[in-house]
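Below, each chain spelled out in residue letters.
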Amino acid sequence: MAKKEMNKTYDPHIFEDRIYDSWEKNGAFKASINNDKIPFTIVMPPPNITGQLHMGHALDQTIQDVLIRYKRMKGFEALWIPGSDHASIATEVKVLDRLRETEGLEKEDLGREAFLDRVWAWKEEFGGVITQQCRKLGDSCDWERERFTMDEGCNKAVTEFFVRLYEQGYIYRGNRLINWCPDCGTSLSDAEVEHEDSKGSYWYIKYPGVDGFDGIVVATSRPETMFADVAIAVNPEDERYKDYIGKEVYIPTTERKIPIIADEYPNPEKGTGAVKITPGADYNDFEVGERHNLEAITCMTLEAKMNENAGKYEGLDRYECRKQWVEELKEKGYLIKVESVDIPLGTCYRCHNVVEPMLSNQWFVDMNELAKPAIAAAQEGRLTHVPPRFEKIYLHWLDNIRDWCISRQLWWGHRIPAYYCDDCGHIEVSRDTVTVCPKCNSTKVHQDEDVLDTWFSSGLWPFSTLGWPDKTPDLEYFYPTNVLVTGYDIIFFWVVRMVFSALAMTDVEPFDYVYIHGLVRDEQGRKMSKSLGNGVNPLDVIEDVGADALRYMLIAGITPGNDTRYIPKKLEASRNFANKLWNASRFVLMNITDDEGEFLEMNFDETKFNDADKWILSIVNDTTKYVSDNLDKFELSLAAQKVYDVIWNEYCDWYIEISKVRLYGDNEEEKKAVRAVLHHVLIDLLKLLHPFMPFITEEIYSFFSAEDDFIMKSSFPEYLEKFNYDNEVSQIETAKEIIKEIRNIRTKSGAKQSVKLNVLVDGESDVIALLQRGNEFVKTLANTNDLIIHEEGVTTIPQDAVTGVIGGARIYIALSDLVDVKQEIERLNGEKNKLLQEVARCEKMLSNPGFVGKAPKEKIDAEKEKLEKYKDMLASVIERLEILN
């Protein structure tokens, strides 16, 4: 018995939330160890607890949900692990802002523990918002396994990871150059620095020579760092400066001397070919300094103010110092010239302010050896990027990777498990809290104040979420995972770290594939942003048209690795598609059930199928293979579009219309067969569509199935050789062409759709045989009164017939059936005369020098467009008259 009568109109608001609650209540998303099944695992890129669902999340999670739903239906034990990221900088800033606004306090006023209590309280209040929003999208995650990067298990994994790397010699503490954000007050890894070109200047400054030497001119974009210069470098192959090497110069306006050294780093073609070396403020200079054993000094504080090495400029902001310092150099004759150029600037990924390279004692990961297995994983084919071009970016990053600064000067995050003895200075790295120094037995021990880079913990996500470092049954069964879905903007932040971390800790790649998608841009191709005001809230879209329409629009517009656009017209088309499917399903339900909702008798027997039944079964069978093949290749858009086309065109527009001849006929056996095929095909199409549009397919499926029999837990259709009906497909496609040609003749001749036509067809024997079998449905769909079928050349053709030709057949319709010839000729002659007058008027106006010379361009262009339109209309009328005459 059918569940109940379907609503007359499609309204996703009635059932989407209800269906999701039912899925979750019945454990439909739950995955468990099942040795009879092959596992398929995806870990959700954990959104920040500070975040709200945006269109990028919607795309990213829809892709994952399509894959996980597909694999679940294919018989895999499919696990999608959800979770969220503690997001050290972003969350601490949020809580700090709230603290300042509501209480006028800084975190130092509360102290570390009290401040962290506030952050945890904030997390409890707001941290679950985004995961609730994920449910609105339809994410089929195993929510019982939801993780947080600072939960007990993840914290244990982070500590273990740090200690193991330290014990293996990969983690060290050193005074090195790091990226420092003065505004966030913390160090940043290279991946957290965004690089962009900005309008700037090269200041050409003369360093006066010592002992009568004239000196040397250097170009710099950061003159405020001159107070930390320790040398001037020139290329040993630069003939201009060979005699300068070994001499000394003064830093302008000071008595401090620095040497001129030879090094390969300076480019003779750039600037003056001479480079100031400031190891405490530039990465390249730092490397030069290490090669030449130069001292590294700083001239700025962590707040980006000048320190004592800047002399009278001490205390000034870096940019105010630059302004005053350049003016002094100009007044005293040291500024030779200024050149406007584009300067590459590094900015903080979080606050977007300019980052300063700073010398600082920090914790680092030595990446030289750790990067090698990650490189080999891609080069040897164990890790596949989709699309492949992103492998080059991945490898380029690893080939040029620097040591990773992992300490952050924050309070919220995983605290570094390093302990310092205040008496003997010993540093102890430990899995457990250290209260007594193991070297001198002092109890004056304190833990490092810094926390770890957020990416240090999220880099363990694929295996820490499954229980690592413990050898849990889940880790043994579900790990390694199968595919990682992510945007191209965090390949360096996250993907690289997960790969080398997994290889170092588990000796296996964390996933087989990295599926990389682009950004969701607006209709004009612009990045969505607050400043442009072009952002679209996916929750508003869901409230308007439902989650299915949004999901389908996003998936149908993507190709791996490329950006996609949010286009409202495509969203409307997706909503219309859902409406069409709803109406078609309602028609089927009404025609296979009686007035009490009981299913009528159906007979799915191949011997009872006609050509049209075999045609649609074969079309859907081929579609099943096409969809599976493309989903397996991550071509989600191609798969989605194919299902759309078959449902809209083949099933709704053709098969349902063809089926009506038998549904409304008197042959009970034919009715049983056509009901069975309508039902069978609809269910298969719903299953094929389900990964893309889960809500509407589940709702429709419920009318045809037992209660709590979910489509998402059903089997995905399989290609079956027995449904391969090539001959019937060819024949029905021919019949469709005949119907379309009759419709086309009717339209071109101006005949009303309600007029029944007399049609004569002659052609090859197989076409004639087809039409004789399908005479009734062809007559019905083409709206003909009579369909006369003859083999080629055996009948007389009416002299006034309008002819249409398709492969294997010719179609003839008497002109008198189409129109009243005399009246139509009179009407067309009147239309012809009007159009001739309009063409003459436009040509006269456009040949008038007064009009062309004085009228606005827009008006002239409009007249030209009118002329072309009238000419096209006139040609069409003349063609019609020639046919009638």
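Thresholds applied
- Residues numbered from 1 in each chain as written.
- Predicted model: local features only at pLDDT ≥ 70, side-chain atom pairs only at ≥ 80, totals over all residues.
- Heavy atoms only, no water.
- Pairing = 2+ DSSP bridges.
- Helix = DSSP H or I, 4+ residues; strand = E, 2+ residues; numbered from the N terminus.
- Axes fitted to C-alpha atoms, helices over the stretch in contact; angles between N-to-C directions.
- Contact = heavy atoms within 4.5 Å.
- Buried < 20%, exposed > 50% of the residue type's maximum accessible area, 1.4 Å probe, protein only.
- Core = buried A, V, L, I, M, F, W, Y, C linked by side-chain atoms within 4.5 Å.
- Polar contact = N/O pair within 3.5 Å; in protein donor to acceptor, adjacent residues only side chain to side chain.
- Parallel < 35°, antiparallel > 145°, perpendicular 65-115°, else oblique.
- Left-handed = near helix turned anticlockwise from the far one by under 90°.
- Expected span 1.5 Å × (residues − 1).
- Arc of directions from axis to C-beta.
- Nonpolar A, V, L, I, M, F, W, Y, C, P; charged D, E, K, R; others polar.
- Phe/Tyr/Trp six-rings, centres within 6.5 Å; stacked < 30°, edge-to-face > 60°.

Glancing now at the sheet that holds strand β9 (residues 231-234). Ordered in space as β10-β11-β9-β12, the 4 strands form an open sheet in which the pairing is mixed. One side of each edge strand has no neighbouring strand; the edge strands of this open sheet are β10 (248-250) and β12 (274-277). Within the sheet, the average angular offset between the axes of one strand and its neighbour, ignoring direction, is 30 degrees. Strand direction decides the pairing type here: β9 and β12, joined by 4 bridges, are antiparallel. Its bridge partner being in β12, V234 is matched across the sheet by A274.

Right, let's talk about the environment of W654 for a bit. Along the chain, W654 turns up in helix α20 (residues 636-663). Discounting chain neighbours no more than four positions away, the residues touching W654 are W615, N649, K736, I739, K740, R743 and L781.

What follows covers unusual backbone geometry. Of note, the amide linkage connecting W468 to P469 takes the cis form, showing an omega dihedral of 15 degrees. Along the chain, P469 falls in the loop between α13 (461-464) and α14 (473-478). Here the bond from Y479 into P480 is cis, since omega is 0 degrees, no more than 30 degrees from zero. Structurally, the position occupied by P480 is in the loop between α14 and β22 (483-487). Positive phi outside glycine occurs at N293, with the angle close to 55 degrees. For N293, the position within the fold is in the loop between α8 (283-291) and α9 (318-331). By relative accessible area, which is 72% here, N293 ends up exposed. You will see that A304, though not glycine, has its phi angle at about 65 degrees, which is positive. By the secondary structure assignment, A304 is in the loop between α8 and α9.

Let us now look at the pairing of β9. On β9, burial covers both faces: A231 and A233 on one face and I232 and V234 on the other are all buried. Across 3 bridges, the pairing between β9 and strand β11 (residues 257-262) is parallel. Directly across from A233, in β11, lies its bridge partner I261.

This paragraph deals with the nonpolar core. If you look at the biggest cluster of nonpolar residues, it comprises 132 residues, and the most contacted ones within it are Y651 and F692. With 14 residues, the top contributor of residues to this core is α20. Here Y651 is in contact with V588, I616, V646, I656, L678, V681, L682 and L685, once residues within four sequence places are set aside.

What follows concerns the side chain of N591. With respect to the helices and strands, the residue N591 is situated in helix α18 (residues 568-592). Separated by 2.8 Å, the side chain of N591 and the backbone oxygen of F587 make a polar contact. Those residues in contact with N591, other than ones at most four positions away along the chain, are L600, L663, Y664 and R675.

What follows is about the packing of helix α10 (residues 367-379) against helix α11 (residues 390-399). Between α10 and α11, the shortest axis-to-axis distance is 10 Å and the interhelical angle comes to 160 degrees. Taken together, α10 and α11 sit at an angle that is classed as roughly antiparallel. Crossing of α10 over α11 shows left-handed handedness. Side by side, α10 and α11 meet where A371, A374, I375, A378 and Q379 of the first sit next to E391, Y394, L395, L398 and D399 of the second.

Time to look at the sheet that holds strand β13 (residues 335-348). Strand order in the open sheet formed by 3 strands is β8-β7-β13, and the pairing between neighbours is antiparallel. Edge positions in the open sheet fall to β8 (216-220) and β13, since each of these has one partner strand only. On average, each strand axis in the sheet is inclined to that of its neighbour by 20 degrees, with strand direction left out of account. For strand β7 (residues 193-207) and β8, the ladder comprises 5 bridges, and the chain directions are antiparallel.

What follows is about α9. End to end, α9 covers 20 Å across 14 residues, agreeing with the expected 20 Å (1.5 Å per residue, within 8%). Among the residues of α9, R318, C321, R322, W325, V326, E328 and L329 are the ones counted as buried. For α9, the angular spread of the buried residues around the axis is 160 degrees, confining them to a single face. The outward face of α9, more than 90 degrees from its buried face, is lined by the exposed residues K323, K330 and E331. Tucked inside the fold, the buried residues of α9 contact β7, β13 and β14 (356-365).

We now examine the packing of helix α16 (residues 538-545) against helix α17 (residues 547-556). To characterise two packed helices, one gives the angle between the axes of the helices and the distance between these axes. Direction vectors running N to C along α16 and α17 enclose 120 degrees, while the axes themselves pass 7 Å from each other. Judged by the inter-axis angle, α16 sits oblique to α17. In contact with P538, V541, I542 and V545 of α16, α17 contributes A547, A549 and L550. Per-class residue counts for the contact of α16 with α17 are 7 nonpolar, no polar and no charged.

Bringing the packing of aromatic side chains into the picture now. With the rule as written, the count across this model stands at 39 aromatic pairs. Taken together, a centroid distance of 6.0 Å and an interplanar angle of 75 degrees make the contact between Y20 and W23 edge-to-face. Here W23 and Y20 lie together in helix α1 (residues 12-25), a separation of 3 residues that amounts to about one turn. Comparing Y20 with W23 shows no difference in burial state: the two are buried. Ring geometry for W120 versus W412: centroids 5.1 Å apart, planes at 80 degrees, classification edge-to-face. Taken together, the residues span a long stretch of sequence, with W120 in helix α5 (residues 112-126) and W412 in the loop between β17 (407-408) and β18 (418-421) at a distance of 292 residues. Judged by relative accessible area, which is 33%, W120 ranks as partly exposed. For W412, a relative accessible area of 0% puts it in the buried group.

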